[in-house]
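# Secondary and tertiary structure notes
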Amino acid sequence: MSLLERWVSDLERDTPFSTQEPTASRPRNPAAPSRSEADPFSEPKPRAAPSRSEADPFSEPKPRAPHARSEADPVSEPKKSRVPSSRHEADPFSEPKSQAQAARPLDPHIAALRAAREEIQLQGMVATLPPAKARVVLGHENGRLVHRGTVAVRGPCAPSHAELLGLGLAEPQARALDCVLAWFGNPFDAVTWDSPSGVDLRWGAWPLSGDPLIAALACWKQREPEAFDARLGRLGIDVTLAPPTLRLQGSRGAPDCEGREALALLGEDPRLMASLAQAGRERGAQLAQLKALLAQVLRPLLSSCSPDVAGVEAPPEGPFSTARALAVLFHVELRFGRRGVTKLMAHARERAGQPASGEFAGERLAEDLRTAGRAREAAELWRLLSSPELADLS
């Protein structure tokens, strides 16, 4: 009977309606061997790769990417890391700061520089400058930013003939330069900038550009430092004297620049360009222009024409000693540069040692220009050769 009850009990455990634990999760017979022991020749199933913690229990778990989705809810939206809305929220122990204190303090020099530039008011192409509300009218010509100028070489706002002589010019040289600048030069406050064609900023009556322009500003600062600072220094424009170097200070995070780069920025900024034009109305700046012209252009020019003479104060007896011949020489340098001067000198050698050989060279060059179709330049030379302003006073 005991064996029969045991057999019935075993049958009840194997029935699918039994409430006991399924047979898959435990051996059918507690005394029965495991599957591997029952079939020792079966191939072992590959084991799943151990987790990082099981393979290396001392490894640090990797932080999860903040945008990874939850494994518990695969369709959940990734959560974004929240940025603290304020410094106080990020650091609850920090002292609260007002908005004015939180802002970075502005350097007093930079603040004064910005204020000085903002005082120059622009309405269209008209710039109004302090302190007397002087106006500078700019214009665009073929993409160029220009100021034609308002202070003529001859007039109440220009240097006198005596001041020209005070620069070290002899009488014929002063008369020749005055005539050429009055008829073929620019006003003292003229400024021209032509960025697309690569022409440098030009300023003044000759006009000056590049190193001669910087030398003129350095000469003006040396003669009248207070006037220079009132017109240009307060705007961040400065020059050093030895050697003459132009320096422009940046005001809105821009770095400082020097030399020709500074000249380019002067020509691109209407406010700074108007300030340079206003500076040309100062008598000291005008004399500085003429002094730089004499040192940078005319002295080397006359020395090349008369290599045996060291200075301009004692004009040589040569082809370019009279006021008329000097005016022709200065005009050719102004209009055509060194190539024109070389051609003029070649004509002067045709009558070397003869009187008025410089005037003869001017006539020959005018004829060459007329033949080449340059009638305007030829007429300018003829005007100088026939002007009573350049007649011999002796």
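Residues numbered from 1 in each chain as written. Predicted model: local features only at pLDDT ≥ 70, side-chain atom pairs only at ≥ 80, totals over all residues. Heavy atoms only, no water.

### Quick notes on the packing of helix α14 (residues 323–348) against helix α16 (residues 375–386)
In plain terms, the rule: Between N-to-C directions, angles span 0 to 180 degrees; the directions come from axes that are lines fitted to C-alpha atoms, helices contributing only their stretch in contact. The way it works is that DSSP assigns letters per residue, a run of H or I at least four long becomes a helix, a run of E at least two long becomes a strand, and they are numbered from the N terminus. To sort the angles, those under 35 degrees are grouped as roughly parallel, those over 145 as roughly antiparallel, those from 65 to 115 as roughly perpendicular, and the leftovers as oblique. By convention the crossing between two helices is left-handed if the near helix lies anticlockwise of the far one by an angle smaller than a right angle, and right-handed if it lies clockwise. By definition in these notes, contact holds between two residues if any of their heavy atoms fall within 4.5 Å. Amino acids outside the nonpolar list (Ala, Val, Leu, Ile, Met, Phe, Trp, Tyr, Cys, Pro) and the charged list (Asp, Glu, Lys, Arg) are all regarded as polar, and Gly is one of them.
For the pair α14 and α16, interaxial distance at closest approach is 9 Å and the crossing angle is 160°. With respect to α16, the axis of α14 lies roughly antiparallel. The two elements α14 and α16 meet at a crossing, and its hand is right-handed. Only Glu377, Glu380, Leu381, Leu384, Leu385 and Ser386 of α16 make contact with α14, whose side of the interface consists of Arg324, Ala327, Val328, His331, Val332, Arg335 and Phe336. Class assignment for the residues of the contact of α14 with α16 results in seven nonpolar, two polar and four charged.

### Some thoughts on the confidence of the model for the chain
What counts is decided by this rule: pLDDT is a per-residue confidence score from the predictor, ranging from 0 to 100.
Here the chain averages 80 in pLDDT, and 70% of its residues register 70 or above. In this model, residues 16–42 is a region of pLDDT below 50 whose contacts with residues beyond four sequence positions or in other chains number six contacts. Considering only residues more than four positions removed or in separate chains, one finds that residues 307–315, a stretch of pLDDT under 50, has 12 contacts.

### Describing the side chain of histidine 147
Relative to the assigned elements, histidine 147 resides in strand β5 (residues 144–147). Residues within four places of histidine 147 in sequence aside, it is in contact with Val136, Val137, Leu138, Asp189, Ala190, Val191, Met273, Ala277 and Arg281.

### Focus: the pairing of β5
The line we're drawing: Only strands joined by at least two bridges in the DSSP assignment are considered to pair.
With three bridges connecting them, strand β4 (residues 139–141) and β5 associate as antiparallel partners. If you follow histidine 140 over to β5, its bridge partner there is leucine 145. Between the end of β4 and the start of β5, which pair antiparallel, lie two residues, with asparagine 142 showing a positive phi angle near 55°.

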